[in-house]
Amino acid sequence: FIAAMYYRIFYQIAAWNEYIRETSDAKLNERGASDDLKAKVKTYRAEARFLRALSYFHAMDLFGDVPFVTEDDKVGNFFPHQISRTDLFNYIETELKDIESLLIEPRTMYARADKATAWSLLATIYLNAEVYTGAPKYTECITYCKKIINAGYSLNPDYKNLFLADNDVDNNEVIFAIAFDGDATRTYGG
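> In this structure, what is going on with the overall build of the protein chain? I would like to understand it.
Each helix and strand counted, the protein chain has seven helices and two strands in total. Over its C-alpha atoms, taken along the principal directions, the protein chain stretches across nearly 50 × 45 × 35 Å. A buried classification covers 34% of the 190 residues belonging to the protein chain. By sequence separation, contacts in the protein chain at least 24 residues apart represent 60% of the contacts at least 6 residues apart. Surface exposure of the protein chain reaches about 11,700 Å², of which carbon and sulfur atoms provide 55%. Distance between charge centres in the protein chain, computed from 21 positive and 28 negative side chains, equals 3 Å.

> Got a minute to help me understand the layout of surface pockets in this structure?
Counted as a void, the largest pocket has a volume near 770 Å³. Lining the largest pocket are 25 residues, with Arg-8, Gln-12, Trp-16, Leu-51 and Ile-178 sitting closest to its centre. Looking at the lining of the largest pocket, the elements that each hand over two or more residues are α1 (2–22) and α3 (35–63). Split into classes, the residues belonging to the lining of the largest pocket amount to 16 nonpolar, six polar and three charged.

> Teacher, can you tell me more about unusual backbone geometry here?
It is generally the case that most residues other than glycine have a negative phi and that most peptide bonds are trans. In this structure, Arg-107 takes a positive phi of about 65° despite not being glycine. Here Arg-107 is to be found in the loop between α4 (85–99) and α5 (115–127). For Asp-170, which is not glycine, the phi torsion reads 55° and is therefore positive. By the secondary structure assignment, Asp-170 is in the segment after α7 (138–150). Here Asp-170 falls in the exposed class, since its relative accessible area comes to 76%.

> Just to check I follow, could you spell out the environment of Glu-140 for this structure?
Examined against the element boundaries, Glu-140 turns out to sit in helix α7. The class for Glu-140 is partly exposed, based on a relative accessible area of 31%. Along the backbone, Glu-140 and Leu-127 are 13 residues apart, and their C-alpha atoms lie at a distance of 8.3 Å.

> How should the nonpolar core be read in this particular structure?
Looking at soluble globular proteins, one finds that nonpolar side chains tend to be buried together. Counting residues in hydrophobic clusters, the biggest one holds 36 residues, and the most contacted among them are Leu-88, Ile-92, Leu-96 and Ile-125. Elements represented by at least two residues in this core include exactly α1, α3, α4, α5, α6 (129–133) and α7. The residues touching Leu-88, leaving out its near neighbours within four places in the chain, are Tyr-56, Met-60, Val-66, Phe-68 and Ile-83.

> What am I meant to see in α4 here?
Since there are 3.6 residues in each turn of an α-helix, residues three or four apart along the chain are aligned in direction. When the terminal C-alpha atoms of α4 are compared, their 21 Å separation across 15 residues agrees well with the 21 Å that a helix rising 1.5 Å per residue should span. Of the residues making up α4, those classed as buried are Leu-88, Phe-89, Tyr-91, Ile-92, Glu-93, Glu-95, Leu-96 and Ile-99. Tucked inside the fold, the buried residues of α4 contact α3, β1 (66–67), β2 (82–83), α5 and α6.

> Can you help me understand the environment of Ala-118 in this one?
Locating Ala-118 in the fold gives a position in helix α5. Between the alpha carbons of Ala-118 and Ile-148 there is a distance of 9.7 Å; along the sequence they are 30 residues apart. Apart from residues no more than four positions distant in its own chain, Ala-118 is found in contact with Phe-50, Leu-96 and Leu-103.

> Would you mind showing me how to read the pattern of salt bridges here?
Tallied over the entire structure, the rule returns 14 salt bridges. Note that Asp-98 and Arg-49 form a salt bridge whose closest N and O atoms lie 2.5 Å from each other. Of this pair, Asp-98 sits in helix α4 while Arg-49 sits in helix α3, placing them 49 residues apart in sequence. For Asp-98, a relative accessible area of 44% puts it in the partly exposed group. For Glu-95, the salt bridge is made with Arg-52, and the minimal N-O distance between the two is 2.8 Å. Residue Glu-95 is found in helix α4, and its partner Arg-52 is found in helix α3; the two are separated by 43 residues along the sequence. Take Glu-95: its relative accessible area is 9%, and that puts it in the buried class. With relative accessibility at 2%, the residue Arg-52 sits in the buried group.

Definitions and cut-offs
- Every chain's residues receive numbers from 1 upward, in the order its sequence appears when written.
- Two thresholds apply to this predicted model, a pLDDT of at least 70 for residue-level local features and 80 or more for giving and counting side-chain atom pairs, whereas whole-chain, interface and lining totals are computed over all residues.
- Each side-chain value is worked out from all heavy atoms of the structure, with water and hydrogens disregarded.
- Elements are defined by DSSP. Helices are runs of H or I of four residues or more, strands are runs of E of two residues or more, and each kind is numbered from the N terminus.
- Whether a residue is buried, partly exposed or exposed follows from its accessible area with a 1.4 Å probe, protein chains only, as a fraction of its type maximum: under 20%, in between, or over 50%, in that order.
- Between two residues, a contact is recorded if the distance between any of their heavy atoms is within 4.5 Å.
- Residue burial considers only the protein chains on display, and all accessible areas are found by Shrake-Rupley using a 1.4 Å probe.
- We score Asp and Glu as negative and Lys and Arg as positive, and we do not count His or the chain ends.
- For this purpose, a charge sits on NZ of Lys, CZ of Arg, CG of Asp or CD of Glu.
- With a 1 Å grid laid over protein atoms only, a set of points is called a cavity when a 1.4 Å probe fits there but cannot get out and a pocket when it is open yet has protein on both sides within 12 Å along at least five of seven lines; lining residues have an atom within 4 Å of a point.
- Grid points are joined across faces, edges and corners, and a volume is the space filled by probe spheres set on the points.
- When residues are sorted by character, Ala, Val, Leu, Ile, Met, Phe, Trp, Tyr, Cys and Pro go into the nonpolar class, Asp, Glu, Lys and Arg into the charged class, and all the rest, Gly among them, into the polar class.
- Think of a nonpolar core as a cluster: buried Ala, Val, Leu, Ile, Met, Phe, Trp, Tyr and Cys residues, connected wherever their side-chain atoms sit within 4.5 Å.
- For a helix, the expected span equals 1.5 Å multiplied by the number of residues minus one.
- Definition used for salt bridges: Asp or Glu carboxyl oxygen within 4 Å of a side-chain nitrogen of Lys or Arg.

Right under this line is the structure:
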């Protein structure tokens, strides 16, 4: 299971890198994308960058110093350099702050990465910053937790409601849902 988690993290990073690489402005122009599609893809790219940051967070948290690649690295057979936990923390923090304004507003679309997802990941890395970097960042953690609370999130008084089929309705607790249902979204990996 440990190996499966490790490989899944880096498979996801490769997938996000490829999406980001293939949806650059130059590639979209080359393919004749409409202005409407380009605007949508700008948000999707920010979401992909969030998901890549989330995957790198899992790598940093679970494995420490790990291989590091971005969309700027060539696709192919090479050995990626290993990044230190501190440098990866700094990368994740910078990436999340950079995409914050590009993400959709909190609670506007169910099961989409929005500003609150970025805030929650920032709060998480700040909560454990001393482990990753040697320097505490509790004040920063509090700042991003307050942003989440001020966006309208609160604890659901009945925990089991988080797992009902209609948990996308009137649910102020779930910040980043992984959508599954028996009709349209099925997987063996969920």
